[in-house]
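Now for the letters of each chain:
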Amino acid sequence: MVVPCVAELSDPVNDAMVPRRCSARIKKLKSEQEAQRERESQRVRCRSNDDSVLGKKTKVYKKSKLVTPSQAQAQAQAPNNDVTVATVDNDDVTITNVAAPNDCTDHPVPETYLNPQLSGNGTEKSSHARVTETLRIFNKHYLHFVQEEEIRCGRAQADQKTKKHSKSKEAEDDGKRSSKRPDLKAISKMISEKEVLNRERIGSLPGIDVGHQFFSRAEMVVAGFHNHWLNGIDCVGQSAGKKGEYKGYSLPLAVSIVVSGQYEDDQDNYEEVVYTGQGGNDLLGNKRQIKDQVMERGNLGLKNCMEQSVPVRVTRGHRCVNSYVGKVYTYDGLYKVVNYWAEKGISGFTVYKFRLKRIKGQPVLTTNQVHFTRGCIPNSISEIRGLVCEDISGGLEDIPIPATNLVDDPPAAPSGFTYSRDIVCAKGIKFPSAPTGCNCHGSCLDPRVCSCAKLNGSEFPYVHKDGGRLVEPKAVVFECGPNCGCGPACVNRTSQKGLRYRLEVFRTPNKGWGVRSWDYIPSGATICEYTGLLKKTDQIDPAADNNYVFDIDCLQTMKGLDGRERRLREVSLPGYWHNDAEKMSDGGPEYCIDAVSVGNVARFINHSCQPNLFVQCVLSTHHDIGLARVVLMAADNIPPLQELTYDYGYVLDSVMDREGKVKQMACYCGAADCRKRLF
């Protein structure tokens, strides 16, 4: 029986099992109270000896960040360390994974931020991390080109209003330069900057497991998984015969196929595929066959795979409203070509048919069974297994947030806090007055005239696509506020529009509570704001067992302190901020958000060493950077029921016990590049 959940709860149920996103400052104070005076005296002596240490304090938290193109280029050129070997006999092929020799060059500088090949624990980045970073670079380029087109359209619309429906020459010139295929422009840019993963190889690819989902064909191209954005068959051509790895093979060889309903004769039974060969269909029309196929290119490549027992990667495309192409593509594993023949197709033209059978020894995962990580998304809350609370927000959110618990016996709901959509100010704290705002009407269209856009580097930080997506992380985002002339639908109010995705709080076996989504989430989308009780940092009791404190440390990030990535160049800050930034960041964050007793769904989001969310500071109702809103946004395209995570950012060996010894806590995030320790 499900007990109805209310917004105000009590009697915590083991919420303190795992440290949440707690300020490392609080952790440190708790563990070093008895030695604090001695540390202060040592700090004073050090400052007298070396003025350069002024302003450097141990601040653990840092924002998760996207890599730069130069970092991605180095990663793309790095060798992979995993090799998948296919052992073939007359009837079956069995997959085994073996480790390849480590032939990477030594790295003279161990710090991760100086060497993009290194993960958080100082080891070489995994192939999974390199794939993730490559896809993030693609999404950044893609959204930049979407932004370029939206700016052109916005300018044209604004010019129509001011010039009585006549486009200006500038708008027309912009239109000639723009592309309606930002995905193809992103591919071209990444190829020119050598940011793609060029991996024309047989079998599985390191970093892309069975069940991996791509949001577009373009993502498959930049990841080196399927090197044609249109063709259904990806082949190793005759020119590759000079490479030693293809010595002894008859080329061409098909290495990958995409089954996505492009041909009217395809038959897909998941464990077995009857794939219609390449050519002869009307790709730009009704996709019906309009001429005979011939045994060449991809068709010949599949025939050669059958004759030489070469496995083929099979990916299936299915409908997805969150993907910009209307589909999502799931890698379903390696198949072998067992037969082929020619026949008259439905339209009366000759087509080649290839029967492929799924290879044994792979994860039991097929597209029809597992669109998501556990079965299928329920149609209603009442269908959820392990339901312990129908809505932890108590009706405060527009979309209910159910909670499930299949771990505890007896199962219990999350408790011990009062749900709040908004920040609650502690006694004596008030937000500054709202700024003047922009003079736009209806919706902000032209960054040349919008004063809020000028603060964002003379551009809108979001694009309209998919309900609003942040193009890339920024030092701070200036959104339109209460005194702006635009309305609530303005794209520059994206983070103020509340929950957009169906979230679920669920109990994990070893990490306490976690959060996941029932919907596909595109990169750059807003997930939620981190809410709680707004306090001054010196009001936090270091002796209290509080694991929900979040420092508002935007200034520290903007200055690039403690290894953070500087983003200051991306915004135009008011002049008086520079003095305030110098003064406030040296002294540490002045304010924090305490979500131990008051908060929203964000308080349940867990840490990961390779997170799929990042933290973005946002200013909307005021322009005080020390009181910026803390918003969690998607760093990747996130499939349904993948746990949502961000990096708590603890520096290893930074937490001490009362005796001054380093304290350690294991990390259970499960990431390929997990640091193995939370701190």
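Quick caveat, the model's predicted, so the values are computed rather than measured. (Residues numbered from 1 in each chain as written. Predicted model: local features only at pLDDT ≥ 70, side-chain atom pairs only at ≥ 80, totals over all residues. Heavy atoms only, no water.)

### A word on the overall build of the protein chain
(1) Moving on: Counting its secondary structure elements, the protein chain contains 11 helices and 28 strands.
(2) Moving on: A burial count over the protein chain gives 54% of its 679 residues as buried.
(3) Moving on: Long-range pairs, those at least 24 residues apart, make up 71% of the contacts in the protein chain between residues at least 6 apart in sequence.
(4) Moving on: For the protein chain, the computed accessible surface area is about 30200 Å², with 50% contributed by carbon and sulfur atoms. (Helix = DSSP H or I, 4+ residues; strand = E, 2+ residues; numbered from the N terminus. Buried < 20%, exposed > 50% of the residue type's maximum accessible area, 1.4 Å probe, protein only. Contact = heavy atoms within 4.5 Å. Areas by Shrake-Rupley, 256 points an atom, 1.4 Å probe, with all protein chains shown as cover.)

### Quick notes on the pairing of strand β10 (residues 350-358)
(1) Moving on: For β10, a buried count of seven out of nine residues is recorded, marking the element as mostly surrounded by other parts of the structure.
(2) Moving on: Direction of pairing for strand β7 (residues 272-276) relative to β10: antiparallel, over a ladder of five bridges. If you follow Glu272 over to β10, its bridge partner there is Lys357.
(3) Moving on: Examined bridge by bridge, strand β9 (residues 327-344) and β10 share nine bridges and lie antiparallel to one another. Directly across from Lys336, in β10, lies its bridge partner Lys357.
(4) Moving on: Hairpin remark: β9 followed by β10, antiparallel, with five residues in the connecting loop; positive phi at Gly348, about 95 degrees. (Pairing = 2+ DSSP bridges.)

### What to know about the state of the cysteines
(1) Moving on: Using the criterion set out here, one finds one disulfide in the structure.
(2) Moving on: Cys554 shares a disulfide with Cys617; S-S distance 1.9 Å. Disulfide Cys554-Cys617: the torsion about the S-S bond is -90 degrees, which places it as left-handed. One end of the pair, Cys554, is in helix α10 (residues 554-558); the other, Cys617, is in strand β26 (residues 613-619), and 63 residues separate them in sequence.
(3) Moving on: Cysteine Cys667 remains unbridged, with the sulfur of Cys669 as its closest cysteine sulfur at 3.7 Å. (Disulfide = S-S within 2.5 Å.)

### Observations regarding the side chain of Arg507
(1) Moving on: Assignment of secondary structure puts Arg507 in strand β18 (residues 503-507).
(2) Moving on: In this structure Arg507 comes out as buried when scored by relative accessible area, which is 5%.
(3) Moving on: Of note is the side chain of Arg507, whose polar atom sits 3.2 Å from the side chain of Asp408. (Polar contact = N/O pair within 3.5 Å; in protein donor to acceptor, adjacent residues only side chain to side chain.)

### A closer look at the side chain of Asn637
(1) Moving on: Note on placement: Asn637 falls in the loop between β27 (629-634) and β28 (645-646).
(2) Moving on: Judged by relative accessible area, which is 16%, Asn637 ranks as buried.
(3) Moving on: Within the structure, the side chain of Asn637 is placed 2.5 Å from the side chain of Glu219, a separation counted as a polar contact.
(4) Moving on: In this structure the side chain of Asn637 is engaged in a polar contact, spanning 2.9 Å, whose partner is the backbone nitrogen of Ser523.
(5) Moving on: For Asn637, the residues in contact, after removing those within four places along its chain, are Asn139, Phe215, Glu219, Arg469, Ile521, Pro522 and Ser523.

### Description of the sheet that holds strand β12 (residues 403-404)
(1) Moving on: Spatially, four strands are ordered β11-β12-β18-β19 in an open sheet, and the strand pairing comes out mixed. Two strands in the sheet have a free side with no partner beyond their single neighbour: β11 (387-389) and β19 (513-517).
(2) Moving on: Alignment of β12 against β18, held across two bridges, turns out to be parallel. Residue Ala403 lies in a different strand from β18, and its bridge partner there is Val505.

### Here's the deal with the packing of aromatic side chains
(1) Moving on: This structure, assessed with the given rule, holds 10 aromatic pairs.
(2) Moving on: Ring centres 5.5 Å apart and planes at 70 degrees place the aromatic pair Phe215 and Tyr520 in the edge-to-face group. Residue Phe215 is located in the loop between β3 (213-214) and α7 (217-222), and its partner Tyr520 is located in the loop between β19 and β20 (526-529); the two are separated by 305 residues in the primary sequence. Considered together, Phe215 and Tyr520 belong to a single accessibility category, that of buried residues. (Phe/Tyr/Trp six-rings, centres within 6.5 Å; stacked < 30°, edge-to-face > 60°.)

### Quick look at the sheet that holds strand β21 (residues 533-536)
(1) Moving on: A sheet is described by the order of its strands in space; here four strands give the open sequence β14-β21-β23-β22, paired in mixed fashion. On the outer flanks of this sheet lie β14 (424-425) and β22 (549-551), each paired with one strand and no other.
(2) Moving on: With three bridges joining them, β22 and strand β23 (residues 591-594) adopt antiparallel strand pairing. The residue bridging Asp551 from the neighbouring strand is Cys592, located in β23.

### Comments concerning helix α8 (residues 297-308)
(1) Moving on: Taking 1.5 Å as the rise per residue, α8 with 12 residues should run 16 Å; its terminal C-alpha atoms sit 16 Å apart, in good agreement.
(2) Moving on: Inspection of α8 places Gly298, Asn299, Gly301, Leu302, Lys303, Asn304 and Cys305 among the buried residues, and these make up the whole buried set.
(3) Moving on: Note on α8: the residue one or two positions beyond its end, Ser309, has a positive phi of about 55 degrees. (Expected span 1.5 Å × (residues − 1).)

### Looking at the environment of Phe679
(1) Moving on: One can find Phe679 in the segment after β28.
(2) Moving on: The spacing of Phe679 and Tyr650 is 29 residues in sequence and 5.5 Å in space, taken between C-alpha atoms.

### Description of unusual backbone geometry
(1) Moving on: Here Leu251 and Pro252 are connected by a cis peptide whose omega angle stands at 10 degrees.
(2) Moving on: Inspection of the secondary structure assignment puts Pro252 in the loop between β4 (233-236) and β5 (253-259).
(3) Moving on: Between Asp409 and the following residue, Pro410, the backbone shows a cis peptide bond with an omega angle of 5 degrees.
(4) Moving on: One non-glycine residue with positive phi stands out, namely Lys194, at about 55 degrees.
(5) Moving on: By secondary structure assignment, the location of Lys194 is in the loop between α6 (182-192) and β3.
(6) Moving on: Not every positive phi belongs to a glycine, and Arg297 is a case in point at roughly 50 degrees.

### Notes on the pairing of β27
Taken residue by residue, a regular strand's side chains alternate between the two faces of the sheet.
(1) Moving on: Burial within β27 is extensive, with six of its six residues counted as buried.
(2) Moving on: The alternating pattern of β27 places Arg629, Val631 and Met633 and Val630, Leu632 and Ala634 on opposite faces, both of which are buried.
(3) Moving on: As defined by bridge partners, β26 adjoins β27 across six bridges and the pair is classed as antiparallel. Among the inter-strand pairings, Cys617 is bridged to a residue of β27, identified as Val630.

### Topic: the confidence of the model for the protein chain
(1) Moving on: Put simply, the protein chain has an average pLDDT of 77, and 68% of its residues get 70 or more.
(2) Moving on: Scored below 50 in pLDDT, residues 44-116 shows 154 contacts in the model against residues more than four places distant or in partner chains.
(3) Moving on: Below pLDDT 50 for its whole length, residues 164-178 participates in 22 contacts with residues either more than four positions away or in separate chains. (pLDDT = per-residue confidence, 0-100.)

### Focus: the pattern of salt bridges
(1) Moving on: Scanning the entire structure with this criterion turns up 24 salt bridges.
(2) Moving on: We note a salt bridge from Arg629 to Glu479, for which the minimum N-O separation is 3.6 Å. Linking Arg629 in strand β27 with Glu479 in the loop between β17 (477-478) and β18, this pair joins segments that are 150 residues apart in sequence.
(3) Moving on: With a shortest N-O distance of 2.7 Å, Asp519 and Arg502 are connected by a salt bridge. Placement of the pair is Asp519 in the loop between β19 and β20 and Arg502 in the loop between β17 and β18, with a sequence separation of 17 residues.
(4) Moving on: Look at Arg502 and you get partly exposed, because its relative accessible area is 32%. (Salt bridge = Lys/Arg side-chain N within 4 Å of Asp/Glu carboxyl O.)

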